[in-house]
Amino acid sequence: MARSGAIGFLTALPLLALLSGCSEESGPFANDGQTAFPVSSATAGELPLGAGFDFYVLALSWSPAYCLVAGDRANKQQCAEDRDLAFVVHGLWPQNETGYPEFCPSREPERVPSQLGRDYLDLLPSMGLIGHQWRKHGSCSGLTQRDYFDVTRAARERISIPEQFALNSLPGEIDADEAEEAFIDVNPGLSRDAIAVKCERGMLREIRICMTSTLDFRGCREVDRRGCTLDNLDVPEPG
């Protein structure tokens, strides 16, 4: 799909709002389900603006469900017994009102250098995932590799994780509608038509949240329509 390579800049959302999703715990992976992220250059100053798409989908994967579904094919870096990961970033996906671009031509290299990728392992938990997200989605953002992952970090920092998903108090089961409401309750401005649940094999698999290029919440009819509506979804624990 054709896209503009132009990159605009504007003043970022206030730092306090962008950091509202962060836990006060230190370290790259907090064990309470609310990962603490260092401040990115995007949140500290200017937010790089992508081009050639209508909005973003931030996909937050429930890591224990991914590890169970993938089984022997699961990424060992993400699913090691000592990781105890909760929600991790699956990706930040440029999206159109209908469909989405993927694997776009880019002046950036296809491979994400390890020196760059290591800066985002607290966000996307393996180099394999980082590389795949860049090739399939980031290449369609109109951004450089670093800007794309900085915007991904800023998008994650925009989101507060509900207390229900802290690893020390998991609900065991949750309805898809209840999961959406839990996120809406702790993220002012997030509406029912801007969030969707993905389920797989009776498990909560992913939360998908739609954002503008400036990371405001916005409705996304097609994404919302494809969301899971099942009751009693399992919320597996790590390990």
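Preceding this section is the structure that the text describes.
Treat the numbers as computed from the prediction; the structure is a model and nothing was measured.

We now examine the overall build of the protein. Within the protein one finds nine helices and eight strands. For the protein, long-range pairs separated by at least 24 residues make up 77% of all intrachain contacts whose partners lie at least 6 apart in sequence. On the protein, roughly 10900 Å² of surface is accessible, and the fraction owed to carbon and sulfur atoms is 48%.

So, on to the layout of surface pockets. Its boundaries defined by the atoms lining it, the largest pocket holds a volume of some 600 Å³. H90, W93, Q133, K198 and R208 are the residues nearest the centre of the largest pocket, which is lined by 27 residues in total. Of all the secondary-structure elements, those providing two or more residues to the lining of the largest pocket are β3 (55–62), β4 (87–95), α6 (127–136), β6 (195–200) and β7 (203–211). Each residue belonging to the lining of the largest pocket can be placed in one class, and the counts come to ten nonpolar, eleven polar and six charged. If you add up the space inside the second largest pocket, you get close to 200 Å³.

This paragraph deals with the packing of α6 against helix α7 (residues 145–157). The geometry of α6 relative to α7 is characterised by a closest axis approach of 11 Å and an angle of 110° between their N-to-C directions. As judged from the angle between their axes, α6 and α7 are roughly perpendicular. Here I130, Q133 and W134 of α6 come into contact with α7, specifically with Q145, Y148 and F149. The class makeup of the residues in the contact of α6 with α7 is four nonpolar, two polar and no charged.

For the rest of this paragraph, the subject is the packing of aromatic side chains. Tallying each qualifying case throughout the model produces nine aromatic pairs. Ring pairing ties together the aromatic residues W62, F87, F165 and F183, which thus form one cluster. Over the face of the ring belonging to F217 we find R158, whose NZ or CZ atom lies 4.3 Å from the ring centre.

Applying the stated criterion across every chain yields a total of ten salt bridges. Salt bridges sharing common partners tie together D177, E180, E181 and R192.

Counting buried positions over the eight residues of β3 gives eight, a clear majority of the element. In β3, alternate side chains face the same way, and those of F55, V57, A59 and S61 on one face and Y56, L58, L60 and W62 on the other are all buried. For β3 and β4, the ladder comprises eight bridges, and the chain directions are antiparallel. Across the sheet, A59 pairs through a bridge with G91, a residue of β4. With six bridges joining them, β3 and β7 adopt antiparallel strand pairing. If you follow L58 over to β7, its bridge partner there is I209.

Glancing now at the state of the cysteines. Using the criterion set out here, one finds four disulfides in the structure. Disulfide pairing places C67 opposite C79 at an S-S distance of 2.0 Å. Residues C67 and C79 are joined through a disulfide that is left-handed, its torsion about the S-S bond being -90°. Taken together, the positions of C67 in helix α3 (residues 63–70) and C79 in helix α4 (residues 76–79) put the pair twelve residues apart, joining distant regions of the chain. For C79, a relative accessible area of 25% translates into the label partly exposed. The disulfide partner of C210 is C220, and the S-S distance across this bridge is 1.9 Å.

Cut-offs applied
- Residues numbered from 1 in each chain as written.
- Predicted model: local features only at pLDDT ≥ 70, side-chain atom pairs only at ≥ 80, totals over all residues.
- Heavy atoms only, no water.
- Helix = DSSP H or I, 4+ residues; strand = E, 2+ residues; numbered from the N terminus.
- Contact = heavy atoms within 4.5 Å.
- Areas by Shrake-Rupley, 256 points an atom, 1.4 Å probe, with all protein chains shown as cover.
- 1 Å grid on protein atoms, 1.4 Å probe; cavity = no way out; pocket = protein on both sides within 12 Å on 5 of 7 lines; lining within 4 Å.
- Points joined across faces, edges and corners; volume = space filled by probe spheres on them.
- Nonpolar A, V, L, I, M, F, W, Y, C, P; charged D, E, K, R; others polar.
- Axes fitted to C-alpha atoms, helices over the stretch in contact; angles between N-to-C directions.
- Parallel < 35°, antiparallel > 145°, perpendicular 65-115°, else oblique.
- Phe/Tyr/Trp six-rings, centres within 6.5 Å; stacked < 30°, edge-to-face > 60°.
- Lys NZ or Arg CZ within 6 Å of the ring centre and 35° of its normal.
- Salt bridge = Lys/Arg side-chain N within 4 Å of Asp/Glu carboxyl O.
- Buried < 20%, exposed > 50% of the residue type's maximum accessible area, 1.4 Å probe, protein only.
- Pairing = 2+ DSSP bridges.
- Disulfide = S-S within 2.5 Å.

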